[in-house]
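If you want the building blocks of each chain, they are given just below.
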Amino acid sequence: MNDLQQTLDQLRAALGDSAVITGAAINQRHYSDWTGYAPACPAAVLLPRTTEQVADALRICNAAGQPVVPQGGMTGLAGGAVPRATDIALSLERMRGIEEIDAAAATVSVWAGTTLQEIQQAAVEAGFLFPLDLGARGSCQIGGNIATNAGGNAVIRYGMTRDLVLGLEVVLADGRVLNLLNKMIKNNCGYDLKQCFIGSEGTLGVITRAILKLAPLPGETTTVLCALPDYASAVSFLRRVQRSAGTPQAYELMWQDFFRLGVSWLENPVPPMSDEHPLYVLFESAGPRELLEQTLEAAIEGGEVVDAIMASSHTQARALWKIREATGEFPLRMTPLNFDVSLPIGQIGDFAELCRQRLDQRWPGNHSVYFGHIGDSNLHLTVDCRSLPQPAPILEIEELVYTAVGEMGGSVSAEHGIGLLKREFLHHSVSAQARQAMQQLKDSFDPKGILNPGKIL
Ligand code: FAD
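Residues numbered from 1 in each chain as written. Predicted model: local features only at pLDDT ≥ 70, side-chain atom pairs only at ≥ 80, totals over all residues. Heavy atoms only, no water.

Draft legend 1. Local environment of helix H2 (residues 51–64). In this model H2 runs 20 Å from its N-terminal to its C-terminal C-alpha over 14 residues, within 8% of the 20 Å that 1.5 Å per residue would give. The complete set of buried residues in H2 reads Thr51, Gln53, Val54, Ala55, Ala57, Leu58, Ile60, Cys61 and Asn62. (Helix = DSSP H or I, 4+ residues; strand = E, 2+ residues; numbered from the N terminus. Expected span 1.5 Å × (residues − 1). Buried < 20%, exposed > 50% of the residue type's maximum accessible area, 1.4 Å probe, protein only.)

If you want it as structure tokens, here you go:
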């Protein structure tokens, strides 16, 4: 009997036959994440139901030196959950459900396999908001959100996933269970170990349970679209809105080329403003409407804003958001190469300019669009590979963009993580010494290197 067969027998004895899937019975959703990158059928898929079963599975795999890839909802955009044919995938999909909502503490306790949408709904039913929100909400799992430190739509107001996690339960590679569950805001008892696992993309431990912060439900919000003369105005206008009406729920900047594309893809492609402008910002504010009107008037007087539309109905607000949501159609209407980078907010305008110049110089006639959650210092840039010589020089474009990010002190991953897809570019944002310290951390939590090998480092 070979080593793998022996390991699978031990896993079946510990978890039961129905929790160890092999061969043709493995569903193809376990082959790759949302990127479709390097799909492979893993040697087996484990479907544990309890923390003890996760601990047993890891203990067995660790003893055998068998690599394990934790898998959540498989909506990741960095290849972090993609297995190799020799890996065993450990899926959290059966460890699902809300354990408790504590109204006094304003917390929700969940199993790691619970989808983000289920948590959002449970929070609303209890009169709270769980503020993490992103397009994959129906499929992504909270364990995956925590493992990638996901960002999303409301970061400017509520922070990244890291800011919403109070406690975790984590199983280490050798099967030890770390109970880091906690409902308290203040808790300074030595190293805050949970932070090591948030954003670690399944390389340091398997997250099995979490305690998350809830926020009060916001009141009515107002959607506003503003045209801006230049990038500096986008930053000063954000600060003005924050001073007068409070931090907005979202602050989405669109450069002219993105805006034009978004409008052209509308069912009724009529621009909401009569003239074209260099930049547009779409924001959502919970501040009083009169205060927003005064803020807009002052910004127009000060020259920060050239034109503005304040949505007067939910339908009008949805129509404005439709322009920003053109990104959902990228895979259908172009061959997109997407970037998710971050830079200090004051430098994002210069970065976009620099990137555009370098891309135009190298590939005249290429088509790229710029947009982003700039209030979170996050810029997205998408190059349409159809506008490039074929086969598209993907690696060369990536090197060009990430080199520019590195030169300006930015980050090659704002919110999607490193996984497999950005591993070769990590050095543009993380020094050799810091990468070495990361490797030491990895070695101390997972000395045999069985957890998600080859990801991040
Ligand atoms: P998976 O893809 O299954 O796994 C992601 C990583 O986490 C892998 O490295 C995996 O090994 C690890 N992992 C998963 N579960 C666990 C666990 N329990 N313990 C330890 N490690 C684990 N991301 C954003 O940040 N912001 C966005 O706005 C955003 N929008 C998106 C919109 C769409 C339409 C799609 C498809 C994706 C979007 N994403 C976004 C990316 C993705 O949804 C997030 O990265 C999400 O957090 C991944 O969760 P998942 O459960 O699907 O994880």
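Draft legend 2. Layout of the site of the ligand. Looking at the ligand, there are 34 residues lining it, with Pro70, Gly72, Gly73, Thr75 and Gly76 nearest. Within the backbone of Gly72, an N or O atom sits 2.8 Å from an oxygen atom of the ligand. At a separation of 3.0 Å, an oxygen atom of the ligand approaches a polar backbone atom of Glu201. Here the ligand has 980 Å² of accessible area as a free molecule, and 92% of this is covered by the chains. Of all the secondary-structure elements, those providing two or more residues to the shell around the ligand are strand E3 (68–71), helix H4 (142–148) and strand E10 (206–213). No other element matches H4, which puts 5 residues into the shell around the ligand. Here the shell around the ligand is composed, by residue class, of 14 nonpolar, 18 polar and 2 charged. (Near = heavy atom within 4 Å. Polar contact = N/O pair within 3.5 Å; in protein donor to acceptor, adjacent residues only side chain to side chain. Areas by Shrake-Rupley, 256 points an atom, 1.4 Å probe, with all protein chains shown as cover. Nonpolar A, V, L, I, M, F, W, Y, C, P; charged D, E, K, R; others polar.)

Draft legend 3. Looking closely at the packing of helix H12 (residues 348–362) against helix H13 (residues 394–407). Closest axis-to-axis distance for the H12/H13 pair is 10 Å, and the angle between their directions is 150 degrees. Between H12 and H13 lies a crossing of right-handed hand. On H13, the residues touching Phe351, Leu354, Cys355, Arg358, Leu359 and Arg362 of H12 are Glu396, Ile397, Leu400, Val401, Ala404, Val405 and Glu407. Split by residue class, the contact of H12 with H13 holds 9 nonpolar, no polar and 4 charged. (Axes fitted to C-alpha atoms, helices over the stretch in contact; angles between N-to-C directions. Left-handed = near helix turned anticlockwise from the far one by under 90°. Contact = heavy atoms within 4.5 Å.)

Draft legend 4. A look at the environment of Thr382. As for its placement among the helices and strands, Thr382 is situated in strand E18 (residues 378–384). Residue Thr382 is classed as buried on the basis of its relative accessible area of 2%. Between the C-alpha atoms of Thr382 and Ser368, which are 14 residues apart in sequence, the distance is 5.5 Å. When near neighbours in sequence (up to four residues on either side) are disregarded, Thr382 contacts Phe330, Met334, Pro336, Leu337, Asn338, His367, Ser368, Val369 and Phe371. Looking at Thr382, its side chain comes within polar contact range of the side chain of Asn338, at 2.9 Å.

Draft legend 5. Up close: the packing of aromatic side chains. By the definition in use, this model includes 12 aromatic pairs. Geometrically, the ring pair formed by Phe330 and Phe371 is edge-to-face, given 5.9 Å between the ring centres and 80 degrees between the ring planes. Of this pair, Phe330 sits in helix H11 (residues 330–333) while Phe371 sits in strand E17 (residues 367–373), and the two are 41 residues apart along the sequence. A relative accessible area of 3% places Phe330 in the buried class. Its relative accessible area of 4% is what places Phe371 among the buried residues. Ring-pair connections join several aromatic residues into one group, and the members of that group are Phe258, Trp265, Phe330 and Phe371. (Phe/Tyr/Trp six-rings, centres within 6.5 Å; stacked < 30°, edge-to-face > 60°.)

Draft legend 6. Inspection of the pairing of strand E12 (residues 222–228) at higher detail. Burial analysis of E12 places 7 of its 7 residues in the buried class, the great majority of the element. Burial along E12 is two-sided: the face carrying Thr222, Val224, Cys226 and Leu228 and the face carrying Thr223, Leu225 and Ala227 are both buried. The pairing of E12 with strand E15 (residues 307–310) spans 4 bridges and is classified as antiparallel. Each bridged residue has a counterpart across the sheet, and for Ala227 the counterpart in E15 is Asp307. (Pairing = 2+ DSSP bridges.)

Draft legend 7. Representation of the sheet that holds E3 within the structure. Within the open sheet, the 4 strands sit side by side as E1-E2-E4-E3. Their pairing is mixed. Two strands lie at the open edges of the sheet, namely strand E1 (20–21) and E3, each paired on one side alone. In terms of strand pairing, strand E2 (residues 44–46) meets strand E4 (residues 88–91) through 3 bridges, oriented parallel. Bridge pairing links Leu46 to Leu90 in E4. Strand contacts of H2: E2, E3 and E4, with the helix running at about 165 degrees to E4, the strand carrying the most contacts.

The quantities given are spatial measurements derived from coordinates; they are silent on function.
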